[in-house]
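A closer look at the structure
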Amino acid sequence: MPRLTRRHLTIATAVVAAASAAVAVTTVAGAFDGAQHAKNAIQSGRAKNVILLIGDGMGDSEITLARDYTVGADGRLNMDRFPLTGAYTTYAVHEDGTPDYVTDSAAGGTGWATGVKTVNGRISKTPGSDKPVRTVLELAQRNGYATGSVTTSELTDATPAVLASHVTDRSCQGPADMANCPGDTIAAGGPGSIAEQSVDHRVDVLLGGGKRRFDQKVTDGRYKGLTVSQQAQKLGYQVVTDSAGLKSVKAGKPVLGLFASGNVPVEWTGKAAAVGGTDPQRCVTSNPDRPATAPSLADSATTAIRLLEAKQKSRHSERGFFLQIEGASIDKQDHAADPCGQIGETAAFDRAVKVARDYAAKHPDTLVVTTADHGHTSQIVPLEATPPGLSSTLVTDEGQQLKVNYSTNTPGRSQEHTGTEVRIAAQGPMAYRVLGVTDQTDLFTTIREALRLR
């Protein structure tokens, strides 16, 4: 067992005591998966694998809304079933290091990816000097772990970008998008766009949207004149664009899955919130704009785990893998004040949580963490409330009406993030570190210590 600080020993002792007490009581069904999970969370100091699940914009309000609608107020989602739960703070910083109380996904992701807070819009670079900071994925690669990133956004969007790229501004996603990052261009001696860096890093599994970024042509350097997808193929990637292609990939070679030109279309549809509210509505659990050939987040997660595990087995490595899985459009539908799109994406993310937890049940040396990068706008309000902004009334699976309000910006404008702390929950080695109130940057240390990254 690793050397623990006084704080960690105190927490560990408390968890063991709570776990032992839990054996003798009956808990609410699904609220706590049993005392043994809690004991295992602190008895095994080293993880072979880490699966990090990020619900983008998935604050407590977003979780509660999805729970109330899909499984009922007294029900429990898969993400509710982790044995250990805490909260962490999410603020960004200004260039002088003073707090910026509401983070974006770039600064938020940089926090857990590097352990360093930065300014909003920046990807894994320092706030003042704009210098690259080594990420947890880069450390995992250096230490012999297989690595992967799965998302429902463009693979060049902020949350996946923080793992394997360093740019001054999150907008610098492809070779043609570098206006805000002149010092990062290959012509200026920099590493290039987020897309170029992602494949240059030879991340073993990259699955998501953003094909339009990878279709852009490289403008300078060794791969000049090729598209980024062609650059990836030169680097040994298997490039696929649909579920059938994903099923056919061979383990041992890196995989780039591009399942949409932009973000992968959402799973559910319905009426967006409106000024004065909407008539009570049931969400439509389908989307005509979503291709049937696009894999679900859970399917992509399952494939990523299989490929990463197979790679390490073929190498006879004692090391496992690091995998980040993002449900990206919880945030995007919150921005759009679209409750059905938001709930559907939270439910899809929750199914990916189940994939990770099912794997960990058979591989207890796997640390699984689920959290968010920041809070967001949606709030459940009384039916009689008359919010000044946008609202919608839903008819839940329990047959009850529920009103959700979006009022962090004026109608017609994108709704805003909030500066609230968000949930973090975990199971497996070092999971006890999520207890209490921590900071986003502490997650970097948790993963680094769990995998013994040097």
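Residues numbered from 1 in each chain as written. Predicted model: local features only at pLDDT ≥ 70, side-chain atom pairs only at ≥ 80, totals over all residues. Heavy atoms only, no water.

1. Comments concerning the pairing of strand β10 (residues 321–327)
Counted residue by residue, β10 has seven buried out of seven residues, so it is predominantly covered. Judged from the six bridges that link them, strand β5 (residues 146–154) and β10 form a sheet pairing that is parallel. Bridging across to β10, Thr 151 finds its partner in Glu 326. (Buried < 20%, exposed > 50% of the residue type's maximum accessible area, 1.4 Å probe, protein only. Helix = DSSP H or I, 4+ residues; strand = E, 2+ residues; numbered from the N terminus. Pairing = 2+ DSSP bridges.)

2. Digging into the packing of helix α3 (residues 60–70) against helix α13 (residues 339–362)
Packing of α3 against α13 leaves a shortest axis separation of 9 Å and a crossing angle of 90°. Judged by the inter-axis angle, α3 sits roughly perpendicular to α13. Contacts between α3 and α13 involve Glu 62, Leu 65, Ala 66, Tyr 69 and Thr 70 from the former and Gln 342, Ile 343 and Thr 346 from the latter. Along the lines of polarity and charge, the residues of the contact of α3 with α13 split into four nonpolar, three polar and one charged. (Axes fitted to C-alpha atoms, helices over the stretch in contact; angles between N-to-C directions. Parallel < 35°, antiparallel > 145°, perpendicular 65-115°, else oblique. Contact = heavy atoms within 4.5 Å. Nonpolar A, V, L, I, M, F, W, Y, C, P; charged D, E, K, R; others polar.)

3. Regarding the state of the cysteines
Enumeration according to the criterion identifies two disulfides in this entry. Across the disulfide, Cys 172 is cross-linked to Cys 181 (sulfur-sulfur distance 2.0 Å). Note on the Cys 172 and Cys 181 pair: the S-S dihedral is about 95°, so by sign convention the disulfide is right-handed. A residue is classified by how much of its surface remains accessible, and Cys 181, at 1% relative accessible area, is buried. Cys 283 shares a disulfide with Cys 340; S-S distance 2.1 Å. Where Cys 283 bonds to Cys 340 through sulfur, the torsion about that S-S bond is close to -80°, and the disulfide is left-handed. Residue Cys 283 is found in the loop between β9 (274–275) and α11 (297–314), and its partner Cys 340 is found in helix α13; the two are separated by 57 residues along the sequence. Grouping residues by exposure puts Cys 283 and Cys 340 together as buried. (Disulfide = S-S within 2.5 Å.)

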